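Chain residues, written in single-letter form:
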Amino acid sequence: MRVLVTGAAGYVGYAVGRRLAAAGHDVDGLVRDPGAVLPPGVRPVIGDLLDPAALGAAVDGRYDGVCHLAARTEVRASFADPSGFFATNVQGTVHLLAALASAGGGGAPSAPSVVYGSTAAVYGAPERQPIPESAPAAPTSPYGASKLAAEQLLLFTARTGAIGATVLRTFNVAGSVDGRPDPGTTRLIPNALAAARGDRPHLEINGDGAAVREYLHVDDLAAACVAALEAGGAGRERLLNVGGGAVASVAEVVAAVERVTGRRVPVVHRPPRSEPPALVCDASAARAELGWSPARSTLETIIADSWAALAAR
């Protein structure tokens, strides 16, 4: 299968390209920087989702599949720049679909299968836990709203027969492959490891650390993307939660970091913020439809892989 990965040099995109190449697919990675580091077996193609002409020139042939992973993802930053997030996450998806169609990718039976990396942020803060795909979408940030809009664009496009679309909603992606650390500056595990390593003076926790979240190894997410791509088809649409990994409170994550690293994590508690007490994924549909389940998503494995990546940096 000839596959295009957008955001191929990013944290998730690199892991997905690595998995696709290992599975024997013919993989192109869409990047803006000619010097971007890609996995072995992934060819760079230079283009920008916000430059339709350059994107059309880059996507110059028919693709059997696309893993669309390029996006702006910082929830807090999205409040300061909502138009920028919608431009990248929504208009960028519009440009990608147009480039695929002009390159001959549209129309059955050769329509590409598109796997879209979305987010649990589209759910907002539902009361029902674990969260099923049937939970109403109610994003509370411009980031979540922009990802939901892109989801809807892809699913409606699939109904025309131009593509097959699988939307994968993930919760907290963590861990490392090939010694590449998580670049997130606001996520819990990288920040806790930075405090353990002495790269930052302490870890700030809002409230008592009782809030519960779910963590999925980036390599397990990559495996789900490959499974979804291989199960796709023209005109077919799916919307699936991807999870079933480690479920832990903030305090439990900190304790696990201390166990794995053998170092203390200095903690400063800040006043509590209004946030859901728990956000946990119901991934039963992904297990049933894709035959996928996480293999590396224990908290200890996620933290150990992340710690090793920091040490090798």
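Residues numbered from 1 in each chain as written. Predicted model: local features only at pLDDT ≥ 70, side-chain atom pairs only at ≥ 80, totals over all residues. Heavy atoms only, no water.

## A closer look at the overall build of the chain
Short version of the rule: By the criteria applied, helices consist of DSSP H or I runs no shorter than four residues and strands consist of E runs no shorter than two, each listed in order from the N terminus. Any two residues whose heavy atoms approach within 4.5 Å at even a single point are treated as in contact. Note on areas: these come from Shrake-Rupley sampling with a 1.4 Å probe, and a residue is covered only by the protein chains present in the view. Positive residues here are Lys and Arg, negative ones are Asp and Glu, while His and the chain termini are left out of the count. Charged side chains are reduced to one point each, which is NZ for Lys, CZ for Arg, CG for Asp and CD for Glu.
Along the backbone of the chain there are ten helices and 13 strands. With the C-alpha coordinates of the chain rotated into their principal frame, the extents come out at 55 × 40 × 40 Å. For the chain, the proportion of contacts with a sequence separation of at least 24, taken over those separated by at least 6, is 78%. On the chain, roughly 12,900 Å² of surface is accessible, and the fraction owed to carbon and sulfur atoms is 53%. Looking at charge distribution, the chain has the averaged site of its 27 positive side-chain charges lying 2 Å from that of its 29 negative ones.

## Considering the pattern of salt bridges
Stated formally: Salt bridges, as used here, are contacts in which a Lys or Arg side-chain nitrogen is within 4 Å of a carboxyl oxygen on Asp or Glu. Under the scheme applied here, a residue whose accessible area is under 20% of the maximum for its type counts as buried, over 50% as exposed, and between as partly exposed, the area being computed with a 1.4 Å probe on protein chains only.
Inspection of the entire model under this criterion finds 17 salt bridges. The residue Asp178 makes a salt bridge to Arg18 at a minimum N-O spacing of 3.1 Å. Note that Asp178 is positioned in the loop between β7 (172–174) and α6 (188–197) and Arg18 in helix α1 (residues 11–22), a separation of 160 residues in sequence. Residue Asp178 is classed as partly exposed on the basis of its relative accessible area of 43%. Its salt-bridge partner being Glu289, residue Arg238 comes within 3.5 Å of it at the nearest N-O pair. Here Arg238 is found in strand β10 (residues 237–242), whereas its partner Glu289 is found in helix α9 (residues 284–290), with 51 residues between them in sequence. Relative accessible area serves as the criterion here: at 43%, Glu289 is assigned to the partly exposed category. One salt-bridge network, in which partners are shared between bridges, spans Arg18, Arg19, Asp178, Asp219, Arg296 and Asp305.

## Comments concerning the packing of α6 against helix α8 (residues 250–261)
Convention followed: Only the stretch in contact is used when a helix axis is fitted, and all axes are lines through C-alpha atoms; the angle between N-to-C directions ranges over 0 to 180 degrees. By definition in this entry, angles of less than 35 degrees are roughly parallel, angles greater than 145 are roughly antiparallel, angles of 65 to 115 are roughly perpendicular, and the rest are oblique. It is the rotation of the near helix from the far one that decides the hand of a crossing: anticlockwise by less than a right angle makes it left-handed, clockwise makes it right-handed.
Between α6 and α8, the shortest axis-to-axis distance is 10 Å and the interhelical angle comes to 45°. Comparing their axes, α8 and α6 come out oblique. When you trace α6 past α8, the crossing you get is right-handed. Contact residues: α6 offers Leu188, Ile189, Ala192, Leu193 and Ala196, while α8 offers Val250, Val253, Val257 and Thr261.

## Some words on unusual backbone geometry
Omega for the peptide link from Gln129 to Pro130 comes to -10°, which places this bond in the cis form. Along the polypeptide, Pro130 turns up in the loop between β5 (113–119) and α5 (142–158).

Keep in mind that these numbers describe shape and distance, not what the molecule does.
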